[in-house]
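One-letter residues, chain by chain:
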Amino acid sequence: MLLQIRVLVVQKDLRGKGIGSNILKTAEKEGQRQNCVGVHLETLEFQAKEFYESQGYTVFAFQENYPLGHKRYFMQKLFNLS
């Protein structure tokens, strides 16, 4: 089972202060507590792809022209289950 993050928004003037990272870490810990094998989320190329990559997420698929002229990325982070 994967934890799915549907929406994560940090107000623009609060970005870069670790708030998004802390929210992700909290969600990941809860997912692990509930025996999830990892986390799945989606982002658009003009949103937070680089942020998620900096948190250990990888792209496993993308959709062209969503919206037109842009890409939607499907990302995941798998937990170390050992």
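Every value quoted in this text rests on a predicted model; they were computed, and no experiment measured them.

Asks: I would appreciate a short explanation of the nonpolar core in the present structure.
Replies: Within soluble globular proteins, side chains that are nonpolar generally end up buried alongside one another. In this structure, Ile-5, Leu-24, Cys-36, Val-39, Leu-41, Tyr-52, Tyr-57, Tyr-73, Met-75 and Phe-79 together form the largest nonpolar core, which totals 10 residues. Contributions of two or more residues to this core are made by β2 (38-44) and β4 (71-78). Beyond its immediate stretch of four places on either side in the chain, Tyr-73 contacts Leu-41, Glu-42, Thr-43, Leu-44, Glu-45, Lys-49, Val-59, Ala-61 and Phe-62.

Asks: Is there a simple way to think about the pattern of salt bridges in this case?
Replies: Oppositely charged side chains can form a pair if their charged atoms are brought close together. Evaluation of the coordinates by the stated rule reveals four salt bridges. For Glu-30, the salt bridge identified is with Arg-33, shortest N-O distance 2.8 Å. One end of the pair is Glu-30 and the other is Arg-33, both in helix α1 (residues 19-33) and three residues apart, which spans about a single turn. Owing to a relative accessible area of 31%, Glu-30 belongs among the partly exposed residues under this scheme.

Asks: Teacher, can you tell me more about the side chain of Arg-72 here?
Replies: Structurally, Arg-72 is set in strand β4. By relative accessible area, Arg-72 is classed as buried at 16%. Side-chain polar atoms of Arg-72 contact the side chain of Glu-42, separated by 3.1 Å. If near-sequence neighbours (up to four positions away) are discounted, Arg-72 is found in contact with Glu-42, Thr-43, Leu-44, Ala-61, Phe-62, Gln-63 and Tyr-66.

About the criteria used
- Residues numbered from 1 in each chain as written.
- Predicted model: local features only at pLDDT ≥ 70, side-chain atom pairs only at ≥ 80, totals over all residues.
- Heavy atoms only, no water.
- Core = buried A, V, L, I, M, F, W, Y, C linked by side-chain atoms within 4.5 Å.
- Buried < 20%, exposed > 50% of the residue type's maximum accessible area, 1.4 Å probe, protein only.
- Helix = DSSP H or I, 4+ residues; strand = E, 2+ residues; numbered from the N terminus.
- Contact = heavy atoms within 4.5 Å.
- Salt bridge = Lys/Arg side-chain N within 4 Å of Asp/Glu carboxyl O.
- Polar contact = N/O pair within 3.5 Å; in protein donor to acceptor, adjacent residues only side chain to side chain.

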